[in-house]
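# Overview (structure and organization)
Residue strings, one per chain:
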Amino acid sequence: MTENRYQTADKNVELCVIGGGPAGLQAAIVAKELGANVVIIDDNPILGGQLIKQTHKFFGSKLHYCGVRGIDIATILSDRAKKLEIEVISDATVVGYYDNDTLGILRHDNLFSLKAERYIFAMGASENMLAFDNADLPGVYGAGAVQTMMNVYGVVPGKRALVVGSGNIGLIVPYQLLQAGVEVAAIVEIMHKFGGYYVHAAKIKRAGVPIYLKHTVIEAKGKDRVEAAVISEVGDDYTCLLGTEKTIECDMILIAIGLSPLCDLLYHAGCRIEYIPDLGGNVPYHDANMMTSKPNIFVCGDLACIEEASTAMLEGRIAGARAYESLKSKDKRAEVIASEAAKELQIIRTSPFEERIVYGKTQLKH
Ligand SMILES: Cc1cc2nc3c(=O)[nH]c(=O)nc-3n(C[C@H](O)[C@H](O)[C@H](O)COP(=O)(O)OP(=O)(O)OC[C@H]3O[C@@H](n4cnc5c(N)ncnc54)[C@H](O)[C@@H]3O)c2cc1C
């Protein structure tokens, strides 16, 4: 924690939610419906987090907006927040957590402070990067960044892409590139099978995009920007096999090799952070109520473990209800919301795709 230069905060609220993605929005909606005075802070101009760039229809159950496009889920949640008159400070980045439990917030050129009795951190995740020769050439992007450029800002970032990684992001973003008229030269995947859902891989294969399994990228070629990528096959120990290199012409290399929870502010706040690979790396310790090692701070969504929107929303509901109870007192309505969300989470996490999450959550030390 850093010494606070503000003796009194510029703004005081009961509950502050940092991050207006599906997790933070659900947390704020629940807490506000129960009766708390809530403010949401988000660094984007519009609410919805990752959802605002997801043009595909989501999976899951009807209860969690299955069959609804991500962007439409964002609208449903934002409209609800608006109807409840939840205060939103958008275009604002939380830059610090100071020693009297006050946030520093930067909005345009204005730095101000806010103090809340309870906080729910829901900042999501950042994209993992990969080191290879010339990885800093213009034209090497995070796949999520490309999705933002195309689907939020209407910018097509190049003409021909190579995608590295075949999880859901590595399979969905190239499909959206094809829809935008961009050629996709190939997807390379270091493992022996693709990582995302079969349905996304099938769509990509039907579109004629090759997926090179047991391959990785080793070099970006080009003078001022990417002009080609060199890929190589890897052996069983994941080292490159000499003589298997191929040069692929492209002007973009999209890295889609996973996400890491954005927990920097939680370090700053003095919360206990634990390294749990199955949850995505360094995550704030949290209990079943989504409370961290500090009783005034709760977490939810990708910040607590890299998973998906449906589970982020359920964790948000638990965090919102439990933060409300800790502000006020035990409350029957809050208990019902939190325990129903916990039951739904348990059902979703019976899927084989969720085994590592269930295991990871058991690794959080009490
Ligand atoms: C390509 C792609 C496809 C996906 N497809 C699916 C799918 O089909 N089904 C599904 O269920 N899930 C899907 N997901 C996953 C889903 O989008 C995420 O799990 C979900 O959005 C996580 O929600 P969140 O609220 O935790 O974080 P986010 O949605 O990331 O929201 C966090 C918000 O916090 C803001 N923020 C961060 N730091 C700060 C700060 N310091 N100050 C202020 N604001 C801050 C961010 O800008 C963002 O708006 C997909 C994700 C991607 C990238």
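Keep in mind that what you see is a predicted model, and the values were worked out from it rather than measured.

## A few points about the site of the ligand
Taken together, 31 residues lie near the ligand, and D42, D43, Q50, D302 and A309 sit nearest. With respect to the ligand, the side chain of H56 contributes an N or O atom lying 3.0 Å from an oxygen atom. In isolation the ligand offers 1,000 Å² of accessible surface; the protein chains occlude 91% of this area. Among the secondary structure elements, those contributing two or more residues to the shell around the ligand are α1 (22-34), β4 (92-98), α4 (168-179) and α7 (309-327). Of the residues that constitute the shell around the ligand, the class distribution is 13 nonpolar, 13 polar and 5 charged. For the shell around the ligand, the domains that each give at least three residues are domain 1 (11-126 + 259-362) and domain 2 (129-255).

## Description of the pairing of strand β1 (residues 11-18)
Regular strands show a simple pattern: their side chains alternate between the two faces of the sheet. Most of β1 is tucked away: 6 of the 8 residues are buried. Note that β1 and strand β6 (residues 110-121) share 7 bridges and pair parallel. Looking across to β6, one finds that C16 is bridged to Y119. As defined by bridge partners, β1 adjoins strand β2 (residues 38-41) across 4 bridges and the pair is classed as parallel. Its bridge partner lying in β2, V17 is registered against I40. A crossover connection joins β1 to the parallel β2 through α1; in handedness this β-α-β unit is right-handed.

## Describing the pattern of salt bridges
For the coordinates displayed, the defined rule picks out 16 salt bridges. One salt bridge in this structure joins K330 and E325, with 3.8 Å as the shortest N-O distance. Linked through salt bridges whose partners overlap, the residues forming this network are E307, E315, R349 and K361.

## Here's the deal with the packing of aromatic side chains
One pair of aromatic rings is described through two measures. These are the centre distance and the angle between the planes. Across all of its chains, the model carries 5 aromatic pairs by this definition. Seen from their ring centres, Y97 and Y119 are 5.4 Å apart, and the 65 degrees between their planes marks the pair as edge-to-face. Residue Y97 is located in strand β4, and its partner Y119 is located in strand β6; the two are separated by 22 residues in the primary sequence. Taken individually, Y97 and Y119 each receive the classification buried, so the pair is uniform in this respect. Relative to F121, the ring of Y97 has its centre 6.2 Å away and its plane inclined at 50 degrees; by these criteria the two rings are tilted.

## Some words on the domain arrangement of the chain
Structurally, the chain comprises domain 1 (11-126 + 259-362) and domain 2 (129-255). Measuring from the centre of the C-alpha atoms in domain 1 to the corresponding centre in domain 2 gives 31 Å. Summed over both sides, the interface of domain 1 with domain 2 buries roughly 930 Å², with 61% coming from carbon and sulfur. Applying the counting criterion to the domain 1 and domain 2 interface returns 0 salt bridges. Inspection of the region where domain 1 meets domain 2 yields 6 residue pairs in polar contact (both at pLDDT 80 or more). Of the residues belonging to the side of domain 1 that touches domain 2, the class tally is 4 nonpolar, 3 polar and 2 charged.

## Describing unusual backbone geometry
At E85, a residue that is not glycine, the phi angle is positive and equals roughly 60 degrees. Within the secondary structure, E85 is located in the loop between α2 (70-83) and β3 (87-89). On the basis of relative accessibility, which here comes to 65%, the residue E85 falls in the exposed class. Phi is positive for N134, which is not a glycine, with a value near 65 degrees. Considering the arrangement of structural elements, one finds N134 in the loop between β7 (125-127) and β8 (140-142).

Conventions we followed
- Residues numbered from 1 in each chain as written.
- Predicted model: local features only at pLDDT ≥ 70, side-chain atom pairs only at ≥ 80, totals over all residues.
- Heavy atoms only, no water.
- Near = heavy atom within 4 Å.
- Polar contact = N/O pair within 3.5 Å; in protein donor to acceptor, adjacent residues only side chain to side chain.
- Areas by Shrake-Rupley, 256 points an atom, 1.4 Å probe, with all protein chains shown as cover.
- Helix = DSSP H or I, 4+ residues; strand = E, 2+ residues; numbered from the N terminus.
- Nonpolar A, V, L, I, M, F, W, Y, C, P; charged D, E, K, R; others polar.
- Domains from an automatic or database assignment.
- Buried < 20%, exposed > 50% of the residue type's maximum accessible area, 1.4 Å probe, protein only.
- Pairing = 2+ DSSP bridges.
- Right-handed = clockwise from strand over helix to strand, strands pointing away.
- Salt bridge = Lys/Arg side-chain N within 4 Å of Asp/Glu carboxyl O.
- Phe/Tyr/Trp six-rings, centres within 6.5 Å; stacked < 30°, edge-to-face > 60°.
- Buried area = accessible area lost by both parts, 1.4 Å probe.

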